[in-house]
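# Structural features, examined
For reference, the chains in residue letters:
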Amino acid sequence: MKDTRSIDPASLQMLKVARDEGLETAWDRYLAQQPQCGFGELGLCCRNCNMGPCRIDPFGDGPQKGVCGATGDIIVARNLLRMIAAGAAAHSDHGRDIVETLRGVAAGEIRDYTIKDESKLMALAREFGLSTEGETVQVIAKKLAEAALEEFGTRKGYLQGINRVPVKRKEIWEKLGITPRGIDREVVEAMHRTHFGVDNDPANLILHGLRCSLSDGWGGSLLATEFSDVLFGTPRPVRGRSNLGVLSKDAVNILVHGHEPVLSEMLVAAAKDLALISAARAKGASGINLVGMCCTGNEILMRHGVPVAGNFLQQELAIITGALEAVVVDVQCIMPALGQLAACYHTKFISTSPKAKFPGALHIPLDEHNALETARKIILQAIENYPNRDQNRVYIPEETAEYVAGFSVEALLNALGGTLDPLIEAVKNKKIRGIAALVGCNNPKVTQDHSHVNLAKALIARDVLVVETGCAAIASAKAGLLLPEAAELAGAGLAEVCRALGLPPVLHMGSCVDISRILTVAAALARELGVDIADLPVAGAAPEWMSEKAVSIGAYVVASGIFTVLGTVPPVLGSNVVADLLTRQAKDLVGGYFAVETDPFKAAELVIAHIDDKRAAMGI
Ligand code: SF4
Ligand code: MSK
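None of the values given here were measured: they were computed from a predicted structure. (Residues numbered from 1 in each chain as written. Chains lettered and ligands numbered in written order. Predicted model: local features only at pLDDT ≥ 70, side-chain atom pairs only at ≥ 80, totals over all residues. Heavy atoms only, no water.)

### Here we look at the nonpolar core
Threshold: Throughout, nonpolar core names a set of buried Ala, Val, Leu, Ile, Met, Phe, Trp, Tyr and Cys residues whose side chains join them through atoms within 4.5 Å. Per-residue accessibility, obtained with a 1.4 Å probe over protein chains only, is compared with the maximum for each type, and a residue is labelled buried under 20%, exposed over 50%, and partly exposed between these values. Runs of E in the DSSP output that reach at least two residues are strands. Runs of H or I that reach at least four are helices, and both are numbered from the N terminus. Residue contacts follow a heavy-atom distance rule, with two residues in contact if any of their heavy atoms lie within 4.5 Å.
Ranked by internal contacts, the top residues of the largest apolar core, which has 175 residues, are Trp218 and Leu459. Per-element accounting of this core gives the leading share, 15 residues, to helix H4 (residues 72-106). The contacts of Trp218, once residues within four sequence positions are left out, are Leu159, Gly161, Ile162, Arg164, Val165, Trp173, Leu519, Ala523, Ile533 and Ser560. In this structure, Trp27, Leu244, Ala318 and Cys471 belong to the second largest nonpolar core, which totals 41 residues.

### Looking at the domain arrangement of the protein chain
Rules: Each domain's limits were defined by an automated method or a database of domain assignments. Once two parts are joined, some of their accessible surface, as seen by a 1.4 Å probe, is lost; buried area is that loss totalled over both.
The domain architecture assigned to the protein chain consists of domain 1 (75-232), domain 2 (244-393) and domain 3 (406-618). Using C-alpha coordinates to define each centre, domain 2 is positioned 32 Å away from domain 3. Taken together, the contact between domain 2 and domain 3 spans 16 residues of the former and 22 residues of the latter. Buried surface at the junction of domain 2 and domain 3, both sides included, amounts to about 1,500 Å², of which 67% is carbon and sulfur.

### What to know about the packing of helix H11 (residues 274-282) against helix H15 (residues 371-385)
The cut-off we apply is this: Working convention: axes come from line fits to C-alpha atoms, limited for helices to the stretch in contact. Angles between N-to-C directions cover 0 to 180 degrees. For classification, angles of less than 35 degrees are called roughly parallel, those exceeding 145 degrees roughly antiparallel, those between 65 and 115 degrees roughly perpendicular, and all remaining angles oblique. Crossing handedness is defined as follows: a turn of the near helix away from the far one that is anticlockwise and smaller than a right angle gives a left-handed crossing, while the clockwise case is right-handed. Polar here means any residue other than Ala, Val, Leu, Ile, Met, Phe, Trp, Tyr, Cys and Pro, which are nonpolar, and Asp, Glu, Lys and Arg, which are charged; Gly is therefore polar.
Where H11 meets H15, the closest approach of the two axes is 10 Å, and the angle between their N-to-C directions is 15°. Taken together, the axis directions place H11 and H15 in an arrangement best described as roughly parallel. As for the relative orientation of H11 and H15, their crossing is right-handed in sense. For the pair formed by H11 and H15, the contact residues are Leu276, Ala279 and Ala280 on the first element and Arg376, Ile379, Leu380 and Ile383 on the second. Partitioned by chemical class, the residues of the contact of H11 with H15 number 6 nonpolar, no polar and 1 charged.

### Section: the site of ligand 2
To be explicit about the condition: For this description, a residue counts as near a given molecule or strand if any of its non-hydrogen atoms is within 4 Å of it.
As a matter of local geometry, ligand 2 sits amid His259, Cys294, Cys295, Phe312, Cys333, Gly440, Cys441, Cys471, Cys512, Met546, Ser547 and Lys549. Residues belonging to the shell around ligand 2 are distributed by class as follows: 8 nonpolar, 3 polar and 1 charged. Inspection of the shell around ligand 2 shows a minimum of three residues originating in each of domain 2 (244-393) and domain 3 (406-618).

Rendered as C-alpha cells:
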C-alpha cells in the first residue's frame, strides 16, 4: 500500500528506518491521538477560568453554554484570538531580540556582529523620521534601534510599518478601529479581552484578532526582517542544496533548527574557522558540515546558501539518519520529542535560548556579548562527539535538490532592473496572471509536502507567479521548483518572463517573519498602481499550516486585504458566527477573507478564480 505520510522520498526512507529501529515520530504520535478531541477540533472547549473546563455540545443535545453562560460563538472567538496573540507574540518577540542585538552592537556592547547593510540602515532611519545628517553609522543604528523598541510598548499613534500601507487600506483599518498600536500592547489586550468576564462579543473579539495580527505583520515580523538584513546582510540570490542528502557521511554534521538568525550567523562563521576544521580532521572527520532546518535554516540559506536538510516534519528524521553530531536549536517549531530521540543515537541535542529549554537537552546559552565564543563552544561539542558516531547505524538518503533562494525585496527589484515596472507590465499583459504567496508548515494531518508542491505546480502552470517562505519554500526547494529551470513547468507567459529575467517561477523570500517582505511588495505594487492591496490579483495560501504563528499570519494577510486559502481546518467550525465572519463578512469589512480547502488542486482553482475576478475588476 502506498505510504501517504509524505511525498518526499527522503522522508519515506527515513520513516522506514524509524519503523525498523522501533522509533516513534510525529506521525506515530498523531495516529496514537486518534480520534482527536472533537470539541477541540471545533474550538468548542474553554478553560479560561476554574469554573470550567467547559465544552459545548455541537449536536445541540448537551450543554449549549459554559458555567458562566459563554456560548459556542464566544468560546470559539476567544480561542481564536488567543491563538493569534500567541502567534503574534512569537514573531514579535523574535523581532525584539534582533532589534536589541542591533542596539547592543551600536552601543559597542556586542562586538561579534557588524552592521552589514548600511544603506538599509539609512533607509530605515529615514522611514522612522530620524535625522542622519552628520551622524556616525553607530549613532544612527542606536537611535534606530531605540525608536524600534518603542514600537513594542504603549506609544502614541500607530506603528511605523503602517506608513508602507496604501492610504485606502489605512482608512479601512481606521474605520474599523483595527489600526495596530504598540506590538506588545495588542497581544496584552488580546489576553485581557479573553480573560474571564471581559470581551464577549464574537465580532469584537475577531476584530481585535485582526488588529493584533497586524501588529505582527506590519510590526514585529517586519522589524525582525528589516533589522536582520541590517545586521546580517540583505539576501541576494544564492544557490544551495536541500533535503536530507545534504548530510555528510564523513564530516561533522551540525543541524541548526528554529527561527532566530542571531546564533546561526555565528555558527556559519565559526564553521569556517580553520582551527575548528583542523580539530574536526584530528577526530577523523573530513570537515564540518553545517546544515539548516525550518526557519533558522531559511535565514542562513537566504544569506549564505547553507544547505537546508528539510522542513518541519523532517526534524526527527534528520536525527534518525544517525549522522548528526549535534542538533542546535533556538526558538519555535522545535519538537519536545527531540531530546529522547537524540538519546537513541550519539546526537547531542543542544538548546541555546533561555526562553526555550527541552527535556534531554544540553543547554549552552547564547551570550550575545560573546556570540562567536558560544558558537565555537557548540561546534567543539559536535566535533568531540564525532568519534561516537556508529557508522553502522548511519543511513543518509541520497535525495538532494538544488535551489536558488535569497529573493528579498531588494533582490527582486534588482532582478527586475530597479523598478517594479516589468512585473506590473507582465501582470497587465497577462504574461503573469497574478501572484500567490504560499507559506506555512507541515502537518501530519496531511501528506508532507503534497499540498505545498502540488499547489505551487498547479499555480505556476497557469501563469501565477508563486512567492514562498517558511517550510512551504523548503518543500519547493526539495521539489526543484526554486530553480530557473523550473520555468519549463510554468505556463507560456510566466515561463517567458522567468527566462527573460533568469528567475525561478517560485521565489523563496525567506523565513516565516519574512512574509513581511511579501507584504512590502504587495503594498508597493498597490501604491504604484494607485489601488488598494485588496484590488490586486494576489492571493495567499497556507496549505499545510500547524502553528499559532500561521494563524496570526493568516489573519494579518486577510486584514491586509488578501484572500487566503487554508489547507488544514482551523478550530473555528464550532461557531457559524465566527466561520461566517472569517469566510464571508471579512470580505466586506477588510477586502480579504478565508477559504478552507484541503485539496491543493481545488485550492489552486479558488486562487485562480480570485485572481481572475480581481483582474476583471481592474480591467486588465
Ligand atoms: Fe467555562 Fe466560562 Fe470559565 Fe470558560 S470562562 S471555563 S466557559 S465558566
Ligand atoms: S518553521 S512556523 S513549521 S513554516 Fe517557520 Fe515551518 Fe511553520 Fe515553523
